[in-house]
Amino acid sequence: MPLRNTPIQRKLMLIILATSVVVMLLMRGAFFTYEYFTFRQATLRQLSTLGEIIAANSTAALAFANQDDAKEILSALKAERHIVAAALYDRKGGLFAQYPDRLASGTIPAVPGAEGYRFSNASLAGFQPVVQKGSQLGTLYLRLETGIIMREWIWGSVQIALAVMAVILCVAYLLSRSLQKQISAPILRLAETARAISERHDYSVRAVRPGDDELGRLTDAFNQMLGEIQTLNQELEQRVVERTAQLAAANKELEAFSYSVSHDLRAPLRHIDGFAGLLVKSDGAVVSERGRGFLTHIADSAKQMGVLIDDLLAFSKMGRSEMKIGPVDLHQLVAEAIQSMQMETQQRAIQWRTGDLPPVQGDRAMLRQVFVNLIANAVKYTRPRDPAVIEIGCQNGSTDEVAVFVRDNGVGFDMNYAGNLFGVFQRLHRAEEFEGTGIGLANVRRIVSRHGGRTWAESQPGAGATFYFSLPKSRKPKHENAQTHPLG
């Protein structure tokens, strides 16, 4: 496995180099501070020494009041190019001589000040007494321009610092290339092991322990985790095999149950319905009016039981049938669903309102059943309205899903019981008021759920109801296992 130019190695090298730079900057800052104060003290000592020499050479000129000698002595300061002003004061404090000859007014003090040299702004200035045999003959004033000296010193210091930092960085870079491999190599081997496990799903692979340090303990923990995952994976595979066998057996039982429901239970119901009708026809004159009512009720109940069996079988089949995903035109599905309601709606005044419906991906037959169930629901519960208004449209706002609604101005329902709407055999109205088996909305929820969507409803008693279902725009539909329990 190559160990060059990997991201973790580059990060480690950057960390080492950044640490080196920070340490060098801190050290250079400390040295600069030390050198700055040392420079000030050295400059102060240098000017003080120069002042003592000039003062000693000026005693004769002051003693004999010889200004020419005093000017000549001060002119020797030309050798010190940073001395910008100098002056000699006599015993009474009067200006005796100055350097250079021409100075701007206010450049030198009119009278001597306190003894000593002091830093002020970009200069160092002060007064030095001129003494001979214990008697002060006058005072020397010197002013040194420190700004230029400081800039020259700083530039020289920066050049040295840059050169030293360049050398140190080169050494740090070479050391980091060598030392970082001791950290990055074990981590890269761990990453390679994890990648191999992720790609091949081979949990028997183990990482090589690099040593007894923290990385070694990390590798041990990683290998231990792999062992536990391998054990759990084997147990899970065994459990899946067992559950698959159980599911296959349950599916066979389910198919047998569906066959029994569709054949064995239908025959007695047909007999009940048929014989009740024959009894009314053959012995209708003998049977009382009340008895004929009972026979009619028996026949209607048998037919209702047959419808319930058909709905249960359709619900079971919808959960186990394979989905055929493709582009679906919702406008066409709505038109087909409304057409299928023609027998129920031809004698009624219904205003149909269809909004814009975008194309979606899904199982066309299943989504058609969704619209058939929801529209049939709206047709049924708007029966007391004249005219009935049924609207089908798409709700805007979400970028992740398409939300379709079917709205009506029917009798509505209490939202406190909305949680029961999409359950099997759940009804919010009495059978005497509105017929039904309580399976239609459960079938809607199952179909929408298999497409990866959701269902919900909003209503108020007497103010109509709105049923919503959503379909994802980009997510794959949720394929249920073919052996899903029909009532699950």
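This report concerns the structure included in the present document. (Residues numbered from 1 in each chain as written. Predicted model: local features only at pLDDT ≥ 70, side-chain atom pairs only at ≥ 80, totals over all residues. Heavy atoms only, no water.)

### With respect to the overall build of the chain
Then, number 1: Tallying secondary structure elements over the chain gives 11 helices and 12 strands in all.
Then, number 2: Relative to its 488 residues, the chain shows a buried fraction of 35%.
Then, number 3: Put simply, the chain shows about 29,500 Å² of open surface, and 57% of that area lies on carbon and sulfur atoms. (Helix = DSSP H or I, 4+ residues; strand = E, 2+ residues; numbered from the N terminus. Buried < 20%, exposed > 50% of the residue type's maximum accessible area, 1.4 Å probe, protein only. Areas by Shrake-Rupley, 256 points an atom, 1.4 Å probe, with all protein chains shown as cover.)

### A word on the sheet that holds strand 4 (residues 123-132)
Then, number 1: Strands sit in the order 2-1-5-4-3 across an open sheet of five strands; the sheet is antiparallel. Looking at which strands have only one partner, the edges of the open sheet turn out to be strand 2 (95-99) and strand 3 (116-120). For this sheet the average axis-to-axis angle between neighbouring strands, irrespective of direction, equals 15°.
Then, number 2: Pairing geometry for strand 1 (residues 83-89) and strand 5 (residues 135-145), over six bridges, is antiparallel. (Pairing = 2+ DSSP bridges. Axes fitted to C-alpha atoms, helices over the stretch in contact; angles between N-to-C directions.)

### Digging into the nonpolar core
Then, number 1: If you look at the biggest cluster of nonpolar residues, it comprises 37 residues, and the most contacted ones within it are L330, F371, L374, I375, I392, F467 and F469.
Then, number 2: Elements with a minimum of two residues in this core: helix 8 (330-340), helix 10 (364-381), strand 9 (388-395), strand 10 (401-408), helix 11 (440-450) and strand 12 (465-472).
Then, number 3: If you tally residues by element for this core, the top one is helix 10, at nine residues.
Then, number 4: Contacts of F469, omitting those with residues within four sequence positions, involve V370, F371, L374, V402, A403, V404, V448, R454 and T455.
Then, number 5: Formed by 26 residues, the second largest nonpolar core is a distinct cluster that contains I54, L124, L140 and L142. (Core = buried A, V, L, I, M, F, W, Y, C linked by side-chain atoms within 4.5 Å. Contact = heavy atoms within 4.5 Å.)

### Focus on helix 11
Then, number 1: In terms of burial, helix 11 is largely enclosed, as eight of its 11 residues are buried.
Then, number 2: Those residues of helix 11 lying buried are L441, A442, N443, V444, R446, I447, V448 and R450.
Then, number 3: Positive backbone phi, at 85°, marks G452, one or two positions downstream of helix 11.

### A short note on the packing of helix 10 against helix 11
Then, number 1: Where helix 10 meets helix 11, the axes come as close as 9 Å, and the angle between the chain directions of the two elements is 145°. Like other packed secondary-structure pairs, helix 10 and helix 11 cross with a definite hand, here left-handed. The segment helix 10 lies against helix 11, with M366, L367, Q369, V370, N373, L374 and N377 engaging G440, L441, N443, V444, I447, V448 and R450. (Left-handed = near helix turned anticlockwise from the far one by under 90°.)

### What about unusual backbone geometry?
Then, number 1: In this structure, the amide linkage connecting Y99 to the following residue, P100, adopts the cis form with an omega of -10°.
Then, number 2: On the secondary structure map, P100 appears in the loop between strand 2 and strand 3.
Then, number 3: In this model, A65 sits at a positive phi of 55°, which is unusual for a non-glycine residue.
Then, number 4: Topologically, A65 is positioned in the loop between helix 2 (59-63) and helix 3 (67-75).
Then, number 5: A residue is classified by how much of its surface remains accessible, and A65, at 54% relative accessible area, is exposed.

What is shown is where atoms sit, not what they do.
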